[in-house]
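What follows is each chain in one-letter form.
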Amino acid sequence: MASNVTMDTIVSLCKRRGFVFPSSEIYGGFGSTYDYGPLGVELLRNVRNLWWRAMVQEREDVVGLEASILGPSAVWEASGHVSNFTDPLVDCKNCRMRWREDHLLEGNYEAEYGATKRDAAGKLLCPNCGGELTDPRKFNMMFKTFVGVVEDTASVAYLRPETAQGMFYNFSNVLGSMRRKLPFGIAQVGKSFRNEITPGNFVFRTREFEQMEMEFFVKPGSDDDWHSYWIEERFQWYLKYGIKKENLRIRPHTKDELSFYSKATSDVEYEFPWGWGELEGIANRTNYDLTQHAKHSGKDLSYFDEETKEHIVPYVIEPAAGATRTALTFLIDAYAEEPDKDETRIVLHLHPAIAPVKVAVLPLSKKEPLVNLSKEVAKKLRRKWVVQYDESQSIGKRYRRQDEIGTPFCITVDFQSLEDNAVTIRDRDTMEQIRVPIAELSSMLEGKLALD
Ligand code: ATP
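Sequence order as written defines residue numbering, which begins from 1 separately in each chain. Local features in this predicted model are restricted to residues of pLDDT 70 or higher, and side-chain atom pairs are both shown and tallied only at a pLDDT of 80 or more, whereas totals for entire chains, interfaces and linings draw on every residue. No hydrogens and no water enter the side-chain calculation; it runs on all heavy atoms of the structure.

1. A short note on the UniProt feature "domain: Aminoacyl-transfer RNA synthetases class-II family profile" (unreviewed entry) in the protein
- UniProt positions are given in the numbering used here, feature names are shortened, and annotations may be inferred rather than shown by experiment. UniProt feature "domain: Aminoacyl-transfer RNA synthetases class-II family profile" (unreviewed entry): in the numbering of this structure it lies at residues 8-356.
- Put simply, DSSP marks the helices as runs of H or I at least four residues long and the strands as runs of E at least two long, and each gets a number from the N terminus on. Between the C-alpha atoms that bound residues 8-356 there is a distance of 21 Å. The span itself is 29% helix and 30% strand.

Listed below in structure tokens is the structure:
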């Protein structure tokens, strides 16, 4: 079972400690949009950077890209999104609640909505009130807008609903400029937008969110092996950064849930407080996208294979993850309430590489020499890490505050430090304290805060 934390607890911690705020809150909020506060931006940045490190920096065969968010309708007609990126929308005739019909089927979203309800004839009923539902209507999830001053068909543009298409329509640009050979990948991190019918569960499903996607182009025939390879790689990435193994699983899609372009897809899923949910999908998109863009643009998007002297259209394996959803998952998985003496401490056992603040420097008293030395220590450490300096309230309260945001190490500067030039380091998880010379602090922390 997932950690026992409730979403209310996580939402309240996020607001109280500056991770995530409801957007436009002073105006009453704006449905399902959120702002990342001072600690949230650090957390999200760590997630992105660690993904980028594993997927681009440490690999010979992947390069990066940042494509535009706004795109002409031609791109989305070619990709199939204009006609196919739809969800089946049903309304309750009684309570007016709106649902995705596919979510209401047995086994799909029971943890969120309760058991599926049907009438005597087997027709789906509203999970909220048992009322009759309208027939499903296709609802396109893309945000449409107009570019320029005239709002006509020619000026229609869309906010991208996935980052992937930027990699496909830039395939030849990357191939030519980077002199790549198959297999190779193009990776991108950035915002995507979907007009979700039922956003919810905090930042799990929002209309504006951030994705981390990589399109890995391979020779047809090698696609099944590469698909298995990327499923395993991606699963390991979550484990490496501390997600508990019992809360993670790989789930292959059944034939009828596969996207129209996909030969096979497996999801990495996490057991959220409301049940299992997708963290990342790893799809074999075949040569669908390159073929479509070649057809619609009239440009050649094939690859010349030097070995066989043939032009081929590569197959694509796509690991597609959500950065914002992953950041939430790290928070949920790390959350713990632990007995400590006669109190309960709230602690986030975040992997040091994920933790928003790496080190806190805490003078034992506000006396000037201690404050000065502490600030000096903090200043040095700031050149390498995100550091908080905190001198207010008792040392116990300050430790608690740092535990609650997952800071791996607290450094206490005491009167003795003025004599022996040493400080105490407290470990968040074990709460053990050791004395370290200030001169050795940086190299010691370097070892403890290593990314691997
Ligand atoms: P779902 O079935 O949950 O709607 P999906 O299968 O449509 O997701 P993909 O198109 O595969 O999602 O997108 C890849 C990843 O992007 C997802 O695994 C998820 O982490 C993230 N993602 C997709 N939609 C959202 C959203 N509305 N809010 C936050 N993250 C999202």
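2. Observations regarding the site of the ligand
- Only a single heavy atom is needed: when it lies within 4 Å of a molecule or strand, its residue is near that molecule or strand. Surveying the vicinity of the ligand reveals 15 residues, the closest of which are Arg194, Glu196, Arg205, Thr206 and Glu278.
- Whenever two N or O atoms come within 3.5 Å, that pair is a polar contact, provided that in protein one can donate a hydrogen and the other can accept it, and provided that, for residues adjacent in sequence, both atoms are side-chain atoms. Within the contact set of the ligand, an oxygen atom lies 2.7 Å away from a side-chain nitrogen or oxygen of Arg205.
- Residue Leu279 places a main-chain N or O atom 2.9 Å away from an oxygen atom belonging to the ligand.
- Residue exposure ignores everything except the shown protein chains as possible cover, and the areas themselves are Shrake-Rupley values with a 1.4 Å probe. Taking 590 Å² as the accessible area of the ligand by itself, protein coverage stands at 84%.
- Those elements giving two or more residues to the shell around the ligand turn out to be strand 11 (208-218), strand 14 (275-286) and strand 17 (315-322).
- Top element by residues in the shell around the ligand is strand 14. It accounts for four residues.

3. Notes on the sheet that holds strand 22 (residues 409-413)
- By the convention used here, strands pair only if DSSP detects at least 2 bridges between them. Read from one edge of the open sheet, five strands run 21-20-22-23-24, paired in mixed fashion. Whereas interior strands pair on both sides, the edge strands pair on one side only; in this sheet they are strand 21 (387-389) and strand 24 (433-437). Taking the axes of each pair of neighbouring strands and ignoring which way they run, one obtains an average angle of 25 degrees across the sheet.
- Sheet topology places strand 23 (residues 422-427) next to strand 24; five bridges connect them, and they run antiparallel. Considered in strand 24, the bridge of Ile425 is made with Ile434.
- Contacts are assigned to residue pairs with any non-hydrogen atoms lying within 4.5 Å of each other. Helix axes use the C-alpha atoms of the stretch in contact, all axes being lines fitted to C-alpha atoms, and the angles between their N-to-C directions lie in the range 0 to 180 degrees. Together, strand 20 (359-363), strand 22, strand 23 and strand 24 form the strand contacts of helix 15 (residues 438-448), whose direction differs from that of strand 24 by roughly 125 degrees.

4. Comments concerning the packing of aromatic side chains
- For this analysis, a ring pair means two rings from Phe, Tyr or Trp (six-membered ring only for Trp) whose centres lie within 6.5 Å, classed as stacked if their planes differ by under 30 degrees, edge-to-face if by over 60, and tilted for the remaining angles. Evaluated as defined, the whole model comprises 20 aromatic pairs.
- A ring pair is formed by Trp51 and Trp52, whose centres lie 6.3 Å apart and whose planes are at 45 degrees; its orientation type is tilted.
- Type-normalised accessible area, obtained with a 1.4 Å probe on protein chains alone, sets the label of each residue: buried when under 20%, exposed when over 50%, and partly exposed for intermediate values. We classify Trp52 as partly exposed; its relative accessible area is 30%.
- Relative to Phe330, the ring of Trp237 has its centre 6.3 Å away and its plane inclined at 65 degrees; by these criteria the two rings are edge-to-face. Pair noted here: Trp237 is in helix 9 (residues 223-240) and Phe330 is in helix 11 (residues 323-334), with a separation of 93 residues, a long-range link.

5. Considering the domain arrangement of the protein
- Note that domain bounds follow an automatic or database assignment of domains. On domain assignment, one finds that the protein holds domain 1 (7-69 + 162-331) and domain 2 (357-448).
- Relative to domain 2, the C-alpha centre of domain 1 lies at a distance of 37 Å.
- The interface of domain 1 with domain 2 comprises seven residues on the first partner and seven residues on the second.
- Between domain 1 and domain 2 lies a buried interface of about 560 Å² when both sides are counted; carbon and sulfur atoms form 52% of it.
- The term buried area means the drop in 1.4 Å probe accessible area that two parts suffer when joined, counted for both and summed. On the domain 1 side of the interface with domain 2, the three residues burying the most area are Arg17, Leu39 and Glu42, jointly 65% of the side's total.
- Definition used for salt bridges: Asp or Glu carboxyl oxygen within 4 Å of a side-chain nitrogen of Lys or Arg. At the junction of domain 1 with domain 2, the criterion picks out two salt bridges.
- There are three residue pairs in polar contact (both at pLDDT 80 or more) connecting domain 1 and domain 2.
- Put simply, the parts of the chain that give the side of domain 1 that touches domain 2 at least two residues each are helix 1 (7-16) and helix 2 (38-57).

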